[in-house]
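# Chain and residue survey
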Amino acid sequence: DRLRSVLDLIAKGRPLKSLNPDLEDDTAIYVLGLAPNASRLSVRFWETGSLHSFAERLAQHYRDLELRPLPWKTEASVWRLLLETVPHRAGSQPKSDDIPPQLAGEMIRAILTGLRYPASLLSNLIMRMRADGDISPLRVALCKAVLVRDARISNKTTQKEIPMGLDLENTDPGYLLGRLFATLENIQQSALGRDINATIRDRYYGAGSATPASIFPVLVRNAQHHLSRLRKDRPGAAVNLEKQINEIVDKLPPSFPKSLRIEAQGRFAIGYYHQSKARFSNQETDSNEGED
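Turning next to the overall build of the protein chain. What the protein chain contains, in helices and strands, is twelve helices and two strands. When its helices and strands are written in sequence order, the protein chain yields α-α-β-β-α-α-α-α-α-α-α-α-α-α. Residue burial in the protein chain is summarised as follows: out of 292 residues, 43% are buried. Across the protein chain, every contact between residues at least 6 apart in sequence was considered, and the portion connecting residues at least 24 apart equals 66%. Of the charged side chains in the protein chain, 40 are positive and 35 negative; the average position of the first set lies 5 Å away from that of the second.

Here's what the structure looks like:
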């Protein structure tokens, strides 16, 4: 908690000395990264700078990761983030031995220098989400961080900014398709219950995020059957979900894209996360109102 409050003030431009008289902005910092190599050590990186510059870059790293709702109770360490790049198997914890050593070194370097995250990070995350179906909050946060930092460094002023929370006005196809996928999953679960063996995420997330044109027409047709069932039991919910689908589809191109580039698949994951979390937030609100 102490570190978070200090980083927030640093991010707002407060000099370190005003936070602690013993901290001097221009204190020199030297960071040596070593890697084991057989019977010797090799230098992975050597970064130098001021205490203030390193503090600002660390604060920027956490700002780039930030989502709404927050994907953590306490800011994740670099090692915890890297565990999101390895397989998540049911019933077992991810293994740190599976983290590629090169990726770990490049990730640390990106945080210390403020430069782009490793080129392989986004593709690695997308591959893992498609393979094991775990669209974890930290994986989505890392996707967002890669895209935000790349846009900032490339100065892509014409590109839609990656939102921290649900953006109902965002017209990016990848983001919209992620929202649509989450809505279709919500319809399925609302009609069939949450105890079904496999949701559309378990079966179709990978293909839906990579080749939408081959999957979404099927999912939309199936959703109509689920809506018919829902109209009998919960007509109000059916109306709201159908309205949500129409609002999203109206912002999409006339036909679903045949494929999405890796960056668009990252936005797909962010849209899915935002829409899913908005659903749970609404359910909690409805539950609390019912209790009142």
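Moving on, we come to helix α11 (residues 235–251). Helix length check: α11 (17 residues) gives 25 Å between terminal C-alpha atoms against 24 Å at 1.5 Å per residue, within 8%. Among the residues making up α11, those that are buried are A237, A238, L241, I245 and I248. Projected down its long axis, α11 shows its buried positions confined to an angular sector of 100 degrees, all on one face. For α11, the exposed residues lying more than 90 degrees away from the buried face are V239, N240 and D250.

Attention now goes to the confidence of the model for the protein chain. Put simply, the protein chain has an average pLDDT of 87, and 95% of its residues get 70 or more. Between the elements of the protein chain, mean pLDDT differs from a low of 74, seen in helix α1 (residues 2–11), to a high of 95, seen in helix α8 (residues 173–192). Contacts for the low-pLDDT stretch residues 284–292, under 50 throughout, to residues beyond four places or in other chains number zero contacts.

Across soluble globular proteins, nonpolar side chains show a tendency to be buried alongside one another. Among the nonpolar cores identified, the biggest contains 67 residues, and L65, M107, Y117, L121, F181, L184 and Y205 are the most heavily contacted of them. Among the elements that make up this core, the one with the highest residue count is helix α7 (residues 137–154) (nine residues).

It is worth spelling out the pairing of strand β2 (residues 40–50) at this point. Here strand β1 (residues 28–37) runs beside β2; their pairing, made up of ten bridges, is antiparallel. Paired with L34 across the bridge in β2 is V43. Where β1 folds back onto β2 in an antiparallel hairpin, the turn is made up of two residues, including A38, whose phi is positive at roughly 60 degrees.

The next thing to look at is the packing of α8 against helix α10 (residues 212–233). Contact pair α8 / α10: the axes reach a minimum separation of 9 Å and the direction vectors enclose 35 degrees. For the pair α8 and α10, the sense of crossing is left-handed. Here L177, L180, F181, L184, I187, Q188, S190, A191 and L192 of α8 lie close against α10, whose contacting residues are P212, F216, L219, V220, A223, H226, L227, R229 and L230. For the contact of α8 with α10, the per-class residue count stands at 14 nonpolar, three polar and one charged.

So, about the side chain of Q189. Take Q189: it is sitting in helix α8. Classification of Q189 by relative accessible area gives buried; the value is 12%. Filtering out sequence-adjacent residues up to four positions away, Q189 remains in contact with R194, T199 and R279.

Examined against the element boundaries, L7 turns out to sit in helix α1. Linking L7 and A59, residues 52 residues apart in sequence, is a C-alpha distance of 5.5 Å. Beyond its immediate chain neighbours, meaning those up to four positions away, L7 contacts A55, L58, A59 and Y62.

Turning our eyes to something else, we now look at unusual backbone geometry. Put simply, R68 and P69 share a cis peptide bond, and its omega is 0 degrees. Along the polypeptide, P69 turns up in the loop between α3 (51–65) and α4 (78–82).

The residue T183 is located in helix α8 in this model. A distance of 2.8 Å separates the side chain of T183 from the side chain of Q244, its partner in a polar contact. What T183 contacts, discounting residues up to four positions off in sequence, is L241, Q244, I245, I248 and Q275.

Position of Q265 relative to the elements: it lies in helix α12 (residues 262–291). As a C-alpha pair, Q265 and G208 span 57 residues in sequence and 9.5 Å in three-dimensional space. Those residues within four positions of Q265 in sequence are excluded, and the remaining contacts are I126, R130, S209, A210 and L260.

Bringing a nonpolar patch on the surface into the picture now. A surface patch of nonpolar side chains, amounting to about 690 Å² of accessible area, comprises Y30, L32, L34, L41, V43 and W46. For the nonpolar patch, the secondary structure elements donating two or more residues are β1 and β2. Here W46 is to be found in strand β2.

Parameters and conventions
Residues numbered from 1 in each chain as written. Predicted model: local features only at pLDDT ≥ 70, side-chain atom pairs only at ≥ 80, totals over all residues. Heavy atoms only, no water. Helix = DSSP H or I, 4+ residues; strand = E, 2+ residues; numbered from the N terminus. Buried < 20%, exposed > 50% of the residue type's maximum accessible area, 1.4 Å probe, protein only. Contact = heavy atoms within 4.5 Å. Lys, Arg positive; Asp, Glu negative; His and termini not counted. Charge placed at Lys NZ, Arg CZ, Asp CG, Glu CD. Expected span 1.5 Å × (residues − 1). Arc of directions from axis to C-beta. pLDDT = per-residue confidence, 0-100. Core = buried A, V, L, I, M, F, W, Y, C linked by side-chain atoms within 4.5 Å. Pairing = 2+ DSSP bridges. Axes fitted to C-alpha atoms, helices over the stretch in contact; angles between N-to-C directions. Left-handed = near helix turned anticlockwise from the far one by under 90°. Nonpolar A, V, L, I, M, F, W, Y, C, P; charged D, E, K, R; others polar. Polar contact = N/O pair within 3.5 Å; in protein donor to acceptor, adjacent residues only side chain to side chain. Patch = residues over 30% accessible without salt bridge, like charges linked within 9 Å, V, L, I, M, F, W, Y side chains within 5 Å. Areas by Shrake-Rupley, 256 points an atom, 1.4 Å probe, with all protein chains shown as cover. Salt bridge = Lys/Arg side-chain N within 4 Å of Asp/Glu carboxyl O.

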